[in-house]
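# Secondary and tertiary structure notes
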Amino acid sequence: MTVLSTQSAASTSVYPYGPHHPEAMVADLSRRAYDYRTHVLRMVYGRKSGHIGGAFSSAEILTALYFHHLRVDPNRADWVDRDRLVFSKGHACAMLYTVLAHRGFFPVEELPTFRSLNSRLQGHPEPQKTPGVEVAAGPLGHGVAIGAGMALAARMDGSKRKVYVILGDGELNSGVIWEGMMTAAKFALDNLVVIVDYNGVQQTGTTRHVMPTEPIADKWAAFNWHVIEIHGHNMAQILDALDRADEVHGRPVVIIARTTKGKGVSFMENSPTWHGGIPDAAQFETALDELNEGARAWTA
Ligand SMILES: Cc1ncc(C[n+]2csc(CCOP(=O)(O)OP(=O)(O)O)c2C)c(N)n1
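Quantities reported herein were computed from a predicted structural model and do not represent experimental measurements.

A few words now on the packing of helix α1 (residues 23-47) against helix α3 (residues 59-69). Across the interface, α1 lies against α3 with an axial gap of 9 Å and an inter-helix angle of 125°. In terms of their interaxial angle, α1 and α3 are classed as oblique. For α1 against α3, the interelement crossing comes out right-handed. Touching Met25, Leu29, Arg32, Ala33, Tyr34, Tyr36 and Arg37 of α1 are Ala59, Glu60, Thr63, Phe67 and His68, all from α3. Along the lines of polarity and charge, the residues of the contact of α1 with α3 split into 7 nonpolar, 2 polar and 3 charged.

Let us look at the site of the ligand. Near the ligand you find 16 residues, and of these Lys89, His91, Gly138, Gly170 and Lys261 are the closest. Interatomic distance of 2.7 Å between a side-chain N/O atom of histidine 91 and an oxygen atom of the ligand. When the free accessible area of the ligand is taken as 600 Å², the share hidden by the protein chains comes to 75%. In terms of residue class, the shell around the ligand is made up of 3 nonpolar, 9 polar and 4 charged.

So, about helix α5 (residues 143-157). The end-to-end C-alpha separation of α5 is 21 Å, in line with the 21 Å expected for 15 residues at 1.5 Å each. Considering only its buried residues, α5 is in contact with β2 (84-87), β3 (163-168), α6 (175-186), β4 (192-198) and α8 (216-222). Trailing α5 by a residue or two, glycine 158 shows a phi angle of about 70°, which is positive.

Counted under the stated rule, the structure contains 8 aromatic pairs. When the ring of tryptophan 178 is compared with that of phenylalanine 223, the centres are 5.4 Å apart and the planes differ by 65°; the resulting orientation is edge-to-face. Taken together, the positions of tryptophan 178 in helix α6 and phenylalanine 223 in the loop between α8 and β5 (226-231) put the pair 45 residues apart, joining distant regions of the chain. Ring geometry for phenylalanine 267 and tryptophan 274: centres 5.6 Å apart, planes at 70°, overall edge-to-face. Overall, phenylalanine 267 belongs to the partly exposed group, its relative accessible area being 29%. A relative accessible area of 7% places tryptophan 274 in the buried class. In this structure an aromatic cluster arises from ring pairing among Trp178, Trp220, Phe223 and Trp225. The ring of tyrosine 45 carries the charged tip of lysine 48 above its face, separated from the ring centre by 3.7 Å.

Attention now goes to the pattern of salt bridges. Applying the stated rule across the entire model yields 16 salt bridges. Arginine 71 is the partner of aspartate 83 in a salt bridge, and the nearest nitrogen-oxygen pair spans 3.5 Å. You can see aspartate 83 sitting in the loop between α3 and β2 and its partner arginine 71 sitting in the loop between α3 and β2, a full 12 residues away along the chain. When salt bridges with common partners are traced through the structure, they connect Asp28, Arg31 and Arg32 into a single cluster.

Two elements in contact, α1 and helix α4 (residues 93-103), have axes whose closest approach is 9 Å; the angle formed by their N-to-C orientations is 125°. Viewed along their axes, α1 and α4 adopt a mutual orientation that is oblique. Crossing hand, α1 versus α4: right-handed. Each of Tyr36, Arg37, His39, Val40 and Met43 in α1 lies in contact with α4, whose residues at this interface are Ala94, Met95, Tyr97, Thr98, Val99 and His102. Of the residues contributing to the contact of α1 with α4, the split by class is 7 nonpolar, 3 polar and 1 charged.

Calculation criteria
Residues numbered from 1 in each chain as written. Predicted model: local features only at pLDDT ≥ 70, side-chain atom pairs only at ≥ 80, totals over all residues. Heavy atoms only, no water. Axes fitted to C-alpha atoms, helices over the stretch in contact; angles between N-to-C directions. Helix = DSSP H or I, 4+ residues; strand = E, 2+ residues; numbered from the N terminus. Parallel < 35°, antiparallel > 145°, perpendicular 65-115°, else oblique. Left-handed = near helix turned anticlockwise from the far one by under 90°. Contact = heavy atoms within 4.5 Å. Nonpolar A, V, L, I, M, F, W, Y, C, P; charged D, E, K, R; others polar. Near = heavy atom within 4 Å. Polar contact = N/O pair within 3.5 Å; in protein donor to acceptor, adjacent residues only side chain to side chain. Areas by Shrake-Rupley, 256 points an atom, 1.4 Å probe, with all protein chains shown as cover. Expected span 1.5 Å × (residues − 1). Phe/Tyr/Trp six-rings, centres within 6.5 Å; stacked < 30°, edge-to-face > 60°. Buried < 20%, exposed > 50% of the residue type's maximum accessible area, 1.4 Å probe, protein only. Lys NZ or Arg CZ within 6 Å of the ring centre and 35° of its normal. Salt bridge = Lys/Arg side-chain N within 4 Å of Asp/Glu carboxyl O.

As structure tokens, this is what we get:
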């Protein structure tokens, strides 16, 4: 195990630990993530509205959570002891909706209604509207504080449920994130896991240019969080990191997932253009071909 330079082994670790999960399962989940990207592409292209780049970067993370790690039951969406997922980077919700639909929270056939009037699938997530959505998001920055409150409530209830929060790296620009970090550490919330979808690109440019965040692992560790760093499109690493987070006691865990904005479509990758860009017909076809090719690569 390699340990980041300025931190103790107890508080900071980087991959690899595994592999601990069967290859067939890793391949199936990886293929799903590509398939889900095609749904997001169709939704945004169909409505000429939405956020592809940040949705694509969170595909593997959301798939790993909903199809392997989270204790949720689509038939009992209000089960009190379910794990909670706070999707704080709400603008990228096309991927959240796609994964929730495939997990059985609502019909997949509803996905094309995304961003339509009266649809349950609005441009930013709303728990009152959409089965499976736990927290409203859109104004960035609130996920850690909300998650800390939920984790504290779980502890006070004597429940084993865990709280997972997905943040964007641009979202770290919001000061309230850092207040939430301090609060979670103060209460030693080891039932709270934050995953930073660290794609390095935000709305108008790179994170390095808009508001530098490095050294990001050291910052979380300095706030007394256990830090795990992974490649955020490597399914085996995501699954192992989630397992490893379950073994941490006495402090909250952050998984820094190094991702690529627009992952899976060559001309969309690493470009702020595709934060909220809408493909034209030719781009749509090329993107679909590339994503289908990505899915095929994981098909046995
Ligand atoms: C408080 C707040 N400020 C600004 C915005 C506008 N906004 C929407 S998305 C975004 C960029 C987010 O970047 P990042 O968190 O890296 O998301 P990702 O790259 O994962 O899509 C911004 C600034 C917002 N939604 N909320």
